[in-house]
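# Per-entry structural report
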2 protein chains.
Amino acid sequence: MSNKKIRVAICGYGNLGKGVREAIERNDDMELVAILTRRDPEKVAKQISASAKVVPMNEAIEWVDKVDVMIMCGGSATDLPKQVPTFARLFCTVDSFDTHANIPEYLKAVDEKAKAGGNVSIISVGWDPGMFSNMRAYAEAVLPVSHTYTFWGRGVSQGHSDAIRRIEGVKDARQYTIPVPEAMERVRAGKNPELSTREKHTRECFVVAEEGADLAAIEKEIVTMPNYFADYDTTVHFISQEELDKNHSGLPHGGSVISCGETGYASKQVIEYSLKLDSNPEFTGSVLVAYARAAYRMKQEGMTGAKTVLDVPPIMLNVRPREEVIADLL
Amino acid sequence: MSNKKIRVAICGYGNLGKGVREAIERNDDMELVAILTRRDPEKVAKQISASAKVVPMNEAIEWVDKVDVMIMCGGSATDLPKQVPTFARLFCTVDSFDTHANIPEYLKAVDEKAKAGGNVSIISVGWDPGMFSNMRAYAEAVLPVSHTYTFWGRGVSQGHSDAIRRIEGVKDARQYTIPVPEAMERVRAGKNPELSTREKHTRECFVVAEEGADLAAIEKEIVTMPNYFADYDTTVHFISQEELDKNHSGLPHGGSVISCGETGYASKQVIEYSLKLDSNPEFTGSVLVAYARAAYRMKQEGMTGAKTVLDVPPIMLNVRPREEVIADLL
């Protein structure tokens, strides 16, 4: 291991970018050299105490020889599909692209550019996709005769919270996704249940209404909203802004991947992986940083192209030398 | 993917060898071509309905060109340290060597021979070491500021059961290792407790005594036995052979790897991986078979030497093509 630190940059500085910055500070083999932003760099610089430079995103090309890995912290809807293929031509990248259905197409687009640039890009890193994907893959490989279920929550869904905020008369809102305990128990018991969307999760909404708003109309609009709420049992609580700020300001999340399979003649084997996260963006940021280390090492080993968490051996993530990790953790 | 099946052989046919045989039957891309045994091959052949040949272990060399991966199912105390380096010169191997303290030395011995033979040997595969090792490594990488604890059980420890059976006056015995729920709760709560051996696990023994044996003396010998029981709170129940056979004939096991860490300023992040296994040898056998696939693929890719589960990307374990796994599981 060389003593040279891995030079990391962050592209996009929202909640996730902040989580990445804090994670880099806890990893001694890395240094944050730049934060790239579309906003006013001076305003962003005021938010952070780090020594990293804050620069405009359109000056990225000037950082090509000064950055080993670019951690892409934009959104999956519009930022990442546009930014990552462009950046992959110039930098090793890691991102948390999480639009599951579009992953194959995205992987292909990034792979082409990363190969052309001689870089490694690890896509869709975080906890789901990410650590949960690893768990689903391990379970399927180890238990070919099995069913794997993923439950999310209890945690804040930012997409669903945003959807509520767009309703007329809503000032602020926070939405929790909650797994149904009975469904989890049926899975653990090996019943391989067919579970509808409604049977797996419920949704709980805390809403601050504007003065004089029609609460019944807001509630109806939430619980009947297609895609977001119509297929779920949804509870709506109207609360004050003070209460929302006091009790619902965090971004906790988590969930479980539960696999129940059979071996031999009728032996039941249950594998469960679960996360309880006080801060979703800080945990996702921590996973991104560990995989940034892997991207750097894979390029050092001569690999190129787009990879996923499934392509990365666990040993590549660890800061310590292989022999030490094997002696301590195997 | 070629349609040619991976040709697998089993070396050593006890409980684990049986678990491996059953696992191979559930994996369509593999075929069991031979079982190597030190016992009378004809007697072993009678136990199985499979089409595999049962042959004497000392004829292993004749199988060099007919076997892609040899799954080593001997014991860690004496069989594996002797057999695996020898076999690694001739075959790709997978084994479940589980004497944690000797792993570095063992890895080195196997690595030398595997490299000389141009083979890949994956050592210490199973659930601990094995899947639990992967979880410890992931947790340390993702949460550099964290503590990880491993709890085992509730499950049958064959080593401890054997130790009881060696006591005078004992006809048969089964020992369960049981994690202490309060200790697990303290870990999950993020208290990073210092836990003594006694605080982490208790031991429960079901003992069939010979007629007229001194039960009090047997109990005393068990609970004071150094290394095995003296450091634990141990409960001894004397039962009949019928009851032992009826209620304690299985080999269930399991356990949990729990990591509690901190990110950002004070966000608590908890990762928990747990196994509840009806059959320890069948699950271990299933993990060995998945890693046998990886050993075969790694050799195909030109790798050689001794590897551990930490060196293997999850994608290498899965029977399905990479693109399909990414589309389905990422």
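Residues numbered from 1 in each chain as written. Chains lettered and ligands numbered in written order. Predicted model: local features only at pLDDT ≥ 70, side-chain atom pairs only at ≥ 80, totals over all residues. Heavy atoms only, no water.

### What to know about unusual backbone geometry
Residues and elements named next belong to chain A. Heads up, the condition is: Helical segments are the DSSP runs of H or I of at least four residues, strand segments are the runs of E of at least two, and each set is numbered from the N terminus.
Along the chain, D128 connects to P129 via a cis peptide bond; the corresponding omega equals 0°. By secondary structure assignment, the location of P129 is in the loop between strand 6 (120-122) and helix 5 (131-142). The peptide bond linking G153 to R154 adopts the cis configuration, its omega dihedral lying at 0°. Along the chain, the position of R154 falls in the loop between strand 7 (146-152) and strand 8 (155-156).

### Observations regarding the environment of H147 of chain B
Residues and elements named next belong to chain B. Note the threshold: When accessible area is computed with a 1.4 Å probe and restricted to protein chains, residues below 20% of their type maximum are described as buried, those above 50% as exposed, and intermediate ones as partly exposed. Whether two residues touch is decided by their heavy atoms; if any such pair falls within 4.5 Å, the residues are in contact. In protein, a polar contact means a hydrogen-donor-capable atom and an acceptor-capable atom, both N or O and within 3.5 Å, with residues adjacent in sequence counting only if both atoms are side-chain atoms; elsewhere, any N or O pair within 3.5 Å suffices.
Among the structural elements, H147 can be located in strand 7 (residues 146-152). A relative accessible area of 41% places H147 in the partly exposed class. For the pair H147 and D68, spaced 79 residues apart in sequence, the C-alpha separation works out to 40 Å. Among all residues touching H147, those that are not within four sequence positions of it are N192, I258, S259 and C260. Polar contacts involving the side chain of H147 include one to the side chain of N192, which spans 3.3 Å.

### With respect to the packing of helix 5 of chain A against helix 11 (residues 280-300) of chain B
What counts is decided by this rule: The angle between two axes is taken between their N-to-C directions and runs from 0 to 180 degrees, where each axis is a line fitted to C-alpha atoms and a helix contributes only its stretch in contact. We call two directions roughly parallel when the angle between them is under 35 degrees, roughly antiparallel when it is over 145, roughly perpendicular when it lies between 65 and 115, and oblique otherwise. We call Asp, Glu, Lys and Arg charged. Ala, Val, Leu, Ile, Met, Phe, Trp, Tyr, Cys and Pro are nonpolar, and the rest, Gly among them, are polar.
Running from N to C, helix 5 of chain A and helix 11 of chain B cross one another at 105°; their axes reach a closest spacing of 8 Å. Classed by the angle they form, the pair helix 5 of chain A and helix 11 of chain B counts as roughly perpendicular. On helix 11 of chain B, the residues that touch Y138, A141 and V142 of chain A of helix 5 of chain A are F283, S286, V287, A290 and Y291 of chain B. Counted by class, the contact of helix 5 of chain A with helix 11 of chain B contains 7 nonpolar, 1 polar and no charged residues.

### Some details on the packing of aromatic side chains
Residues and elements named next belong to chain A. Threshold: Side-chain rings of Phe, Tyr and Trp (the six-membered ring for Trp) are treated as a pair once their centres are within 6.5 Å; stacked means planes under 30 degrees apart, edge-to-face means over 60, and tilted covers the remaining angles. Look at NZ for Lys and CZ for Arg. If either is within 6 Å of the ring centre and within 35 degrees of the ring normal, a charge sits over the ring.
Here the structure, examined in full by the defined rule, presents 11 aromatic pairs over all chains. Ring geometry for F87 versus F91: centroids 5.9 Å apart, planes at 25°, classification stacked. Take F87 and F91: they sit in the same class, and that class is buried. Centre to centre, the rings of F97 and Y106 are 3.9 Å apart; their planes meet at 15°, and the pair counts as stacked. The two residues F97 and Y106 agree in class, both being buried. Three or more aromatic residues link up through ring pairs in this structure, and these residues are W127, F132 and Y273. Above the face of the F151 ring, K200 is positioned so that its terminal group lies 5.3 Å from the ring centre.

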